[in-house]
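Structural characterization, general
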Amino acid sequence: MFFLTILLFSYLQMSHQIQKTTANGKEMLSNPRLMSVQRTLNVVMNENVSLSCHADSGSPPVTYTLFKHNQKVSTLNRPDLTPALFNLTINSASDVGEYKCKAENKVSGGWKYSNSLNFTLVEPISKPVLSSPTSQAKKGQNVTLSCLSENGSLPITYIFFKGKQNISPPVKMHKREAAVIFLYISSSSDFGTYKCRAENSFRNNTKYSNSFNFTLAEEKSHSQPLIISLGLILLLFIIGFALAIPFFIIPSYKAKKFKSTRSSTGLTSPVNAEDAESYVIYTEIEPVKSEEYVNFPVIRREDEKAEKAACATVYSTVFIGD
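This section reports on the structure supplied with the text. Along each chain, residues carry numbers from 1 onward, in the same order as the chain's sequence is written. Two thresholds apply to this predicted model, a pLDDT of at least 70 for residue-level local features and 80 or more for giving and counting side-chain atom pairs, whereas whole-chain, interface and lining totals are computed over all residues. Excluding hydrogens and water, the side-chain values take into account all heavy atoms of the structure.

**Considering the packing of aromatic side chains**
Spelled out, the test is: Stacked, edge-to-face and tilted are the three classes for Phe, Tyr and Trp ring pairs, Trp counted by its six-membered ring, which pair at centre distances within 6.5 Å; planes under 30 degrees apart are stacked, over 60 edge-to-face, the rest tilted. Where helices and strands are cited, they refer to DSSP runs of H or I of at least four residues and of E of at least two residues respectively, numbered from the N terminus. The cut-offs for exposure are 20% and 50% of the maximum accessible area for each residue type, with area from a 1.4 Å probe on protein chains only; residues under the lower value are buried, those over the upper are exposed, and the others partly exposed. For a ring to carry a charge above it, either NZ of a lysine or CZ of an arginine must fall within 6 Å of the ring centroid while also lying within 35 degrees of the normal to the ring plane.
Counting across every chain of the model gives five aromatic pairs. Judged by centre distance (6.1 Å) and plane angle (50°), the rings of Phe-161 and Tyr-208 are tilted. Of this pair, Phe-161 sits in strand 14 (residues 156–162) while Tyr-208 sits in strand 19 (residues 206–208), and the two are 47 residues apart along the sequence. Assessed through its relative accessible area of 43%, Tyr-208 is described here as partly exposed. Measuring from centroid to centroid gives 5.1 Å for Phe-212 and Phe-214, while their planes differ by 80°, and the two rings are edge-to-face. Grouping residues by exposure puts Phe-212 and Phe-214 together as buried. Clustering of aromatic rings is evident, with ring pairs tying together Tyr-194, Phe-212 and Phe-214. Looking at Lys-102, its charged tip hangs above the ring of Trp-111, at a distance of 5.5 Å from the centre.

Here you go:
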């Protein structure tokens, strides 16, 4: 049984060797491999790239032809089995399409095609901006941090830091949106310096954001609103008192003064007090001997209002001493 297995294995090897050679003893080409010399398919505008096309086996010389979107780009001849290097410059978005290469030799006019490659045009990211809706916080408060790069090929991966220690797992954004994390301010150590880092598929293109610090919010005193309220009440009282002086206090004072004057002279009149005060001038009477009559003048003001009060009767009481 072991002997039969060896014979079968030998037969398969011979069949494979026969398929690789022709009648004249020349080896047929293997399928070439197309690969990027830079080991990456991510490219940027105006970047120079190199593609290698190589058939591992076959009888030289070998002719290699590079195609882009099934259109011929360039042809290179190799006298041996060394790779063919095609140098390209990415000048536009159309230069990042599908590439293939073809290898052929003189053996029966045969040729073989390689695998396909597709470049991806990437844009380096801009410096991310770290921000928060509030810059002040107090212990026991929940806050948020947002990190966003305005430019750069998607997806973009963000990582948040406090000091030099990362405080979040990588957040990969496939849309032009900010990465957001939520924080709980539990102690004074949480008021440190925060940063974020952004990176995409563009090689060697990692950017750090600006620094951001939370500040401790001042506790508002409960007595402050009370003091403000009392101050407003006092101000309103002063304003009200000032307005009341010309309308209530001064007229009241005048009325009391007139009443006091009328009582001291003994003058009574049927006209109202305001008219009497406006139109009559009072005079004192000197004491005289008993049972004598005394004449005294009553002078009225000669003005417009006095004419209106001309019909008023004025009464006087005369005291005659013993």
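**Overview of the side chain of Ser-153**
Formally: Pairs of N or O atoms are called polar contacts if they sit within 3.5 Å, as long as, within protein, a hydrogen donor faces a hydrogen acceptor (for residues adjacent in sequence, only side-chain-to-side-chain pairs). Here a residue-residue contact requires only that any non-hydrogen atoms of the pair lie within 4.5 Å.
Its place among the elements puts Ser-153 in the loop between strand 13 (141–148) and strand 14. A polar atom in the side chain of Ser-153 sits 2.3 Å from the backbone nitrogen of Glu-123. Filtering out sequence-adjacent residues up to four positions away, Ser-153 remains in contact with Leu-121, Val-122, Glu-123 and Asn-200.

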